[in-house]
Amino acid sequence: MDAAVRFIDAVLDPVLKGADRSFEPGTISAVVTEGEDVSALLVRVLTGLTPLEEGQVLILGHDLVLLSKEKQGEVRRRIGIVFPDGGLISNLKVLENVTLPLLYHTGESRREIERRAIALLDRFGCGDVLFELPGNLSASRRRRVGFARAFAPDPEVIVYHWRAGGLDVEERELFLREAVAFHGDAPGRTTIFLTPHAGALAGAGTFPIVHLTRGRFE
Amino acid sequence: MLTAAGRQATRGLLFVGELSMLLFRAFLESLAVVRQGFRPVFRVYLKQVYFTGVQALAVILVLFLLIGALIITQMFNLAGTGSASLTGKVLVWIVVRELGPLLTAVIVIARSGTAIATELATMKINGEIDVLESLGIPAVRYLILPRILGMTTAVLVLTLYAEAVSVAGGFLTASLAWGVPLEQFNQGIVPFLTPREIGISFLKSLVFGLLVSTVCCRQGLSVGGSLTQVPQAGTKGVMQSLLLVFLLDVAITATLY
């Protein structure tokens, strides 16, 4: 079976220096990076927004950088990204933020899409802020909505740009519990946590932790 | 000095090239939208029409009603009420040929041009454009295309309303203040309100709408990473739009009249 995510001699100075690593379908992995900036850059590499200097990153068998815009969109819709601050679109209301990728990528009816989005937002305790703009929400609420949006399209690969800072223990546990439960919802789903602190994932269960140190996975 | 002029000309050409490229990309994206369905894009388009068109309607109506009244007042003061047909002709020429498209574009630049430039600049600095791309939603298709189309639609429709209201304002003034009957007033309006006049007015508003929206989108997207660039993007968008709108107005008028 092809790896869900595969780094092949990936070079992007100074973050990746010949990095090799496969993330198999159905697995949970954590990548401990050397900082928040490195995690953010890895997200951009994984989504094909930042091309490598050398080597390849294959996502679901595709090198995003080599694909046309249309094909890139098709692959990206199969990847979910959870941004540390939620990564919400500021001029869209909470419900619109969650329904946007579904409206864009699926042919489902608006009513069905909204029903799914509301159910997800309820799951994260955001059912009472459906029509709020992200700017009116607390940081915690924005993160919760970010989770709901990443979960909504049922991605095959989900990447958490994980930041434990600013979260209380209860929230951290909720997010980890939801992340692990979501992983188990679909067989073959690949989950990758990117974090500078391995301790931020304490309590999430047992899974391989790799360190991205000096540009290589160790 | 020659070097400086050359540098300025090169910069101007590059700017026009960038604008054309953005407009061309938006046009290409519109083809993709037709192929893939336009549900979310259409929503942004409607919002843009609402913010640029519907919300500006009251200002435009009041302003052009007063402009119509002012033109008629000045004309009657200058030429007397016996010149109703000339007065109507002047009203059509000033409002339909020039002020309708031009002033509407200026108001739209002031209201929505700044809003578009600063909104896009803020989104870019906050990383929201990258977020959209990572969701598989091309930013040009989702953010730029509906803004260009929405603003252009709004300018077209607002111009029509502006011109109609201005003529109505002129008639109301002529009728109420000088007792000019509708038939007499119409004699000065209808013969001059030819399809050609309306077509050129339409062309001007179309060009202005496309231009203003593209310039402001381009300015919004051109920011780097600093928040201080947000107001700069707004200011530059307004100034460049104003300059280009007046330049093109002169060019179209000189070419077609």
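Residues numbered from 1 in each chain as written. Chains lettered and ligands numbered in written order. Predicted model: local features only at pLDDT ≥ 70, side-chain atom pairs only at ≥ 80, totals over all residues. Heavy atoms only, no water.

**Things to note about the overall build of chain B**
Along the backbone of chain B there are eight helices and zero strands. Sequence-ordered secondary structure for chain B, helices as α and strands as β, is α-α-α-α-α-α-α-α. Once the C-alpha set of chain B is aligned to its principal axes, its extents read approximately 65 × 50 × 35 Å. In chain B, the proportion of contacts linking residues at least 24 apart, taken out of those at least 6 apart, comes to 86%. (Helix = DSSP H or I, 4+ residues; strand = E, 2+ residues; numbered from the N terminus. Contact = heavy atoms within 4.5 Å.)

**A look at a nonpolar patch on the surface**
Taken together, the side chains of B:M21, B:F24, B:F27, B:L28 and B:L31 make up a nonpolar region of the molecular surface, amounting to roughly 500 Å² of accessible area. Relative to the assigned elements, B:F24 resides in helix α1 (residues 2-36). (Patch = residues over 30% accessible without salt bridge, like charges linked within 9 Å, V, L, I, M, F, W, Y side chains within 5 Å. Areas by Shrake-Rupley, 256 points an atom, 1.4 Å probe, with all protein chains shown as cover. Salt bridge = Lys/Arg side-chain N within 4 Å of Asp/Glu carboxyl O.)

**With respect to the packing of aromatic side chains**
Within the structure shown, the criterion is met by 18 aromatic pairs over all chains. Here the aromatic rings of A:F147 and A:Y160 are separated by 5.7 Å at their centres, their planes lie at 40°, and the arrangement is tilted. Of this pair, A:F147 sits in helix α5 (residues 139-151) while A:Y160 is found in strand β7 (residues 157-161), placing the two residues 13 residues apart along the sequence. Like A:Y160, A:F147 is buried. Consider the rings of A:Y160 and A:W162, whose centres lie 6.0 Å apart with planes at 75°: the pair is edge-to-face. Here the aromatic residues A:F124, A:F147, A:F151, A:Y160, A:W162, A:F175, A:F182, A:F193 and A:F207 are joined through ring pairs into a cluster of three or more. A:R21 extends its terminal NZ or CZ atom over the ring of A:F23, reaching a point 5.8 Å from the ring centre. We note B:K89 situated over the ring of B:W93; from NZ or CZ to the ring centre the distance is 5.1 Å. (Phe/Tyr/Trp six-rings, centres within 6.5 Å; stacked < 30°, edge-to-face > 60°. Buried < 20%, exposed > 50% of the residue type's maximum accessible area, 1.4 Å probe, protein only. Lys NZ or Arg CZ within 6 Å of the ring centre and 35° of its normal.)

**A few points about the sheet that holds strand β10 (residues 216-217) of chain A**
Residue and element names in this part refer to chain A. Judged by pairing direction, the sheet is mixed, and its six strands sit side by side in the order β6-β7-β8-β3-β9-β10 without closing on themselves. Only two strands of the sheet have a single neighbouring strand rather than two, namely β6 (79-82) and β10. Those strands touched by helix α1 (residues 36-46) are β3 (28-32), β6, β7, β8 (190-195) and β9 (209-213), and its axis lies near 155° from that of β7. Sitting on the sheet, helix α6 (residues 169-185) is in contact with β3, β7 and β8, with an inclination near 155° to β8. (Pairing = 2+ DSSP bridges. Axes fitted to C-alpha atoms, helices over the stretch in contact; angles between N-to-C directions.)

**Focus: the environment of A:G107**
Residue and element names in this part refer to chain A. Turning to its location among the elements, G107 is positioned in the loop between α3 (94-105) and α4 (110-123). We classify G107 as exposed; its relative accessible area is 79%. Once the C-alpha coordinates of G107 and F131 are considered, the two residues, 24 residues apart in sequence, prove to be 23 Å apart.

**Remarks on the domain arrangement of chain A**
A common measure of how large an interface is: the accessible area buried when the components associate. Residue and element names in this part refer to chain A. When cut into domains, chain A gives domain 1 (1-78 + 158-218) and domain 2 (82-154). The C-alpha centroid of domain 2 is placed 22 Å from the C-alpha centroid of domain 1. At the junction of the two partners, domain 1 supplies 19 residues and domain 2 supplies 15 residues. Taking both sides of the interface into account, the surface hidden between domain 1 and domain 2 amounts to around 1,600 Å²; carbon and sulfur atoms contribute 58%. When residues of domain 1 are sorted by the area they lose upon contact with domain 2, R77, F175 and E178 head the list and together hold 34% of the total. Measuring nitrogen to oxygen at the nearest pair gives 2.5 Å for the salt bridge that ties R189 to D154. In this assembly, domain 1 and domain 2 are joined by six residue pairs in polar contact (both at pLDDT 80 or more). Secondary structure elements with two or more residues in the side of domain 1 that touches domain 2: β7 and α6. Broken down by element, the side of domain 1 that touches domain 2 gets its largest block of residues, seven residues, from α6. Taken together, the residues of the side of domain 1 that touches domain 2 sort by class into 10 nonpolar, three polar and six charged. (Domains from an automatic or database assignment. Buried area = accessible area lost by both parts, 1.4 Å probe. Polar contact = N/O pair within 3.5 Å; in protein donor to acceptor, adjacent residues only side chain to side chain. Nonpolar A, V, L, I, M, F, W, Y, C, P; charged D, E, K, R; others polar.)

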